[in-house]
Amino acid sequence: MIALSIIVTKFGGTSLCDAARFQNVASILGADPTRRYVVPSAPGKRFDDDEKVTDLLYKCHGQMMSGEDFMKTFAKIEARYREIAEALSLTGRWQAEMDVIRGRFPQEKTADYIASRGEYLCGMMLAEYLNWDFVDPKDLIWFDRDGRLDAERTEAACKAALDAHAYAVIPGFYGSLPDGTIHTFSRGGSDITGAIVASAVMASLYENWTDVPGFLMADPRIVDNPKLIDCLTYRELRELSYMGAAVLHEDAIFPVRKKGIPVNIRSTVHPEHPGTRVVPRADSADSTITGIAGHKGFRVITVEKAMMNGERGFGRRVLQAVEEQGISFEHMPSGIDTLCLVVHEKQLEGREGALVNRIYELTEPDSVDVTSDLALIATVGRGMVRQRGTSGKLFGALMDAGVNVRMIDQGSSEMNIIVGVDHGDFEKAVRAIYGAFVE
């Protein structure tokens with residue numbers, strides 16, 4: 001007997017923002033019977049000034065914790081679901097669940113349970129509308145006591161549960177801690193849920209449906225009409241997602257990469273478009289670079305000490321100070337007598353002074369300086385490997401644009417070149433790089 005192919009689909013919040021989008025999703029799923037498992041996000045924005053349901057839920061929690069009346073905000077959430085339910089002629093089960101959620105609000109000290117209810121209610125409605133089974137991820141997705149994904153337990157639970165369902169809706173974004181308490185991924189984590197499900201059921205394909213046609217070579221808010229990336233590798237996707245390309249959560253690639261499951265990013269607005277394919281490996285590239293992505297909001301901690309290069313354990317002690325403060329760093333460029341740490345400013349909130357003092361205690365440096373307003377830009381592409389003149393082309397473009405480069409970091413894999421520039425030069429630098437390699 002030949003096993004049927006299985007496609008796991010994930011739909012973003014914009015793709016499920018109202019009843020018409022629910023109908024569109026049902027049409028996409030019905031077009032291919034191998035689309036057997038679907039992971040929905042909470043309803044997103046219907047128009048530019050609208051609010052996402054998840055944002056409203058977080059707002060409710062904030063109001064509750066500060067002693068404010070959250071019922072007006074909660075009423076907006078309830079109205080969103082009622083509008084969808086009435087338009088699709090769904091039963092009143094969602095209302096009973098909404099009442100349960102409202103009653104639990106005062107008991108919840110963390111936001112996780114409250115924030116997760118957006119996906120929970122959306123998944124319940126979608127399952128009823130499709131006449132598919134509803135499977136609650138609180139029994140499938142498991143985290144350890146520190147909130148890290150328990151991949152082994154999760155894989156086993158997903159496989160055992162989903163084998164019993166030919167077609168099922170599994171809400172994204174959340175799972176459970178060992179004691180059964182609801183815990184969420186970071187924002188955008190429904191992408192990770194979809195990848196976990198795809199891995200567990202050994203899917204032939206993981207489709208991630210959103211409101212854009214796929215990955216673009218640059219941010220369309222910065223570059224006019226950037227080209228679409230037809231195909232990229234897992235590694236390229238990871239680099240671009242981590243550096244700010246927001247189509248797919250940066251951690252969503254790990255569950256499918258382990259088993260070589262390809263990903264297809266598709267648009268619910270134009271379902272006929274093939275989108276962007278993400279594959280384990282690709283032999284050739286149409287251009288030198290695959291894409292450009294970046295972030296603002298970094299600081300550079302520069303530790304300087306004469307004869308640093310001859311002092312054993314110096315770098316370890318600097319990193320010890322960073323670890324003790326619970327801080328993650330992005331890059332660590334260095335010279336003979338200097339060592340720099342690039343850290344996102346959010347990591348340093350309330351901890352910068354303590355970190356600098358601890359570095360002084362552990363390393364006795366000549367100086368420790370912190371500079372702000374750094375933006376990082378990653379130029380990524382498998383076509384850069386052994387391609388002569390790539391760096392010269394990139395830095396020539398930045399020079400011609402009048403952009404001062406404050407930091408350079410190139411990985412040994414030759415997959416990317418990262419430059420640090422002033423905040424004010426960020427958009428100009430991205431446009432310059434795109435112009436040099438694409439236009």
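Here goes a summary of the coordinates provided.

Before going further, it helps to examine the pairing of strand 12 (residues 338–344). The buried count for strand 12 comes to six of seven residues, which makes it a mostly enclosed element. Pairing geometry for strand 11 (residues 291–304) and strand 12, over seven bridges, is antiparallel. Of the residues in strand 12, the one forming a bridge with Phe-298 is His-344.

This part is about the pairing of strand 2 (residues 35–40). Taking burial as the measure, the six residues of strand 2 include six buried ones, the bulk of the element. As for the winding sense of the linkage, the β-α-β connection from strand 1 (residues 7–11) through helix 1 (residues 19–30) to strand 2 is right-handed. For strand 2 and strand 4 (residues 168–169), the ladder comprises two bridges, and the chain directions are parallel. Counted as the bridge partner of Val-38 is Val-169 from strand 4.

It is the contact of helix 1 with helix 3 (residues 71–88), at a shortest axis distance of 9 Å, that shows an interaxial angle of 55°. Taken together, the axes of helix 1 and helix 3 lie oblique to each other. Only Ile-84, Ala-87 and Leu-88 of helix 3 make contact with helix 1, whose side of the interface consists of Ala-19, Phe-22 and Gln-23. Taken together, the residues of the contact of helix 1 with helix 3 break down into five nonpolar, one polar and no charged.

Before going further, it helps to examine the nonpolar core. Membership of the largest hydrophobic core comes to 76 residues, with the highest contact counts inside it found for Val-8, Tyr-37, Ile-170, Phe-215 and Ile-377. When residues of this core are assigned to their parent elements, the largest contribution, seven residues, is made by helix 14 (residues 426–437). Not counting chain neighbours up to four residues away, the residues in contact with Tyr-37 comprise Ile-6, Ile-7, Val-8, Thr-9, Trp-132, Leu-162, His-165, Ala-166, Ala-168, Ile-170, Val-197 and Val-201. In terms of nonpolar packing, the next biggest core, distinct from the first, is built from 42 residues, Ala-26, Ala-42, Cys-60 and Met-64 among them.

Here we come to the environment of Arg-145. Its location among the elements puts Arg-145 in the loop between strand 3 (133–134) and helix 6 (151–162). As for Arg-145 and Asp-230, which are separated by 85 residues in sequence, their C-alpha atoms are 40 Å apart.

Let us look at the sheet that holds strand 7 (residues 205–210). Taking strand neighbours across the sheet as the criterion, the eight strands line up as 3-4-2-1-7-9-10-8 in an open arrangement whose pairing is mixed. Two strands lie at the open edges of the sheet, namely strand 3 and strand 8 (231–233), each paired on one side alone. Against the sheet, helix 5 (residues 112–130) engages strand 2, strand 3 and strand 4, with an angle of about 150° to strand 2.

On to the packing of helix 1 against helix 5. Relative orientation of the contacting elements helix 1 and helix 5 amounts to 55°, with a least axis distance of 11 Å. When the axes of helix 1 and helix 5 are compared, the pair comes out oblique. As helix 1 packs across helix 5, the resulting crossing turns out to be right-handed. Contacts between helix 1 and helix 5 involve Phe-22, Gln-23, Val-25, Ala-26 and Leu-29 from the former and Cys-122, Met-125, Leu-126, Tyr-129 and Leu-130 from the latter. Grouping the constituent residues of the contact of helix 1 with helix 5 by class yields nine nonpolar, one polar and no charged.

Here we take up the environment of Glu-352. Inspection of the secondary structure puts Glu-352 in helix 12 (residues 352–363). A sequence separation of 51 residues divides Glu-352 from Ile-301, and the C-alpha atoms of the two residues are 9.5 Å apart. Residue contacts for Glu-352: discarding those within four places in its chain leaves Arg-299 and Val-370.

Mapping Asn-416 onto the fold places it in strand 15 (residues 416–422). The buried category is assigned to Asn-416, whose relative accessible area is 6%. There is a polar contact of 2.9 Å between the side chain of Asn-416 and the side chain of Glu-239.

Right, let's get into the packing of aromatic side chains. The final tally for this structure, using the stated rule, is six aromatic pairs. Taking 5.7 Å as the distance between ring centres and 80° as the angle between the ring planes, the aromatic pair formed by Tyr-120 and Phe-134 counts as edge-to-face. With Tyr-120 in helix 5 and Phe-134 in strand 3, the pair connects residues that are 14 residues apart, well separated along the chain. Within the aromatic cluster, the residues linked to one another by ring pairs are Phe-70, Phe-74 and Phe-105. The ring of Tyr-113 carries the charged tip of Arg-104 above its face, separated from the ring centre by 3.8 Å.

The final tally for this structure, using the stated rule, is 28 salt bridges. With its nearest N and O atoms 2.9 Å apart, the salt bridge here joins Arg-35 to Glu-207. Here Glu-207 lies in strand 7 and Arg-35 lies in strand 2, a separation of 172 residues in the sequence. Comparing Arg-35 with Glu-207, the two get one shared label, buried. Residues Lys-138 and Asp-139 are paired through a salt bridge, measuring 3.1 Å at the closest nitrogen-oxygen approach.

Reading the values: rules and limits
Residues numbered from 1 in each chain as written. Predicted model: local features only at pLDDT ≥ 70, side-chain atom pairs only at ≥ 80, totals over all residues. Heavy atoms only, no water. Buried < 20%, exposed > 50% of the residue type's maximum accessible area, 1.4 Å probe, protein only. Helix = DSSP H or I, 4+ residues; strand = E, 2+ residues; numbered from the N terminus. Pairing = 2+ DSSP bridges. Right-handed = clockwise from strand over helix to strand, strands pointing away. Axes fitted to C-alpha atoms, helices over the stretch in contact; angles between N-to-C directions. Parallel < 35°, antiparallel > 145°, perpendicular 65-115°, else oblique. Contact = heavy atoms within 4.5 Å. Nonpolar A, V, L, I, M, F, W, Y, C, P; charged D, E, K, R; others polar. Core = buried A, V, L, I, M, F, W, Y, C linked by side-chain atoms within 4.5 Å. Left-handed = near helix turned anticlockwise from the far one by under 90°. Polar contact = N/O pair within 3.5 Å; in protein donor to acceptor, adjacent residues only side chain to side chain. Phe/Tyr/Trp six-rings, centres within 6.5 Å; stacked < 30°, edge-to-face > 60°. Lys NZ or Arg CZ within 6 Å of the ring centre and 35° of its normal. Salt bridge = Lys/Arg side-chain N within 4 Å of Asp/Glu carboxyl O.

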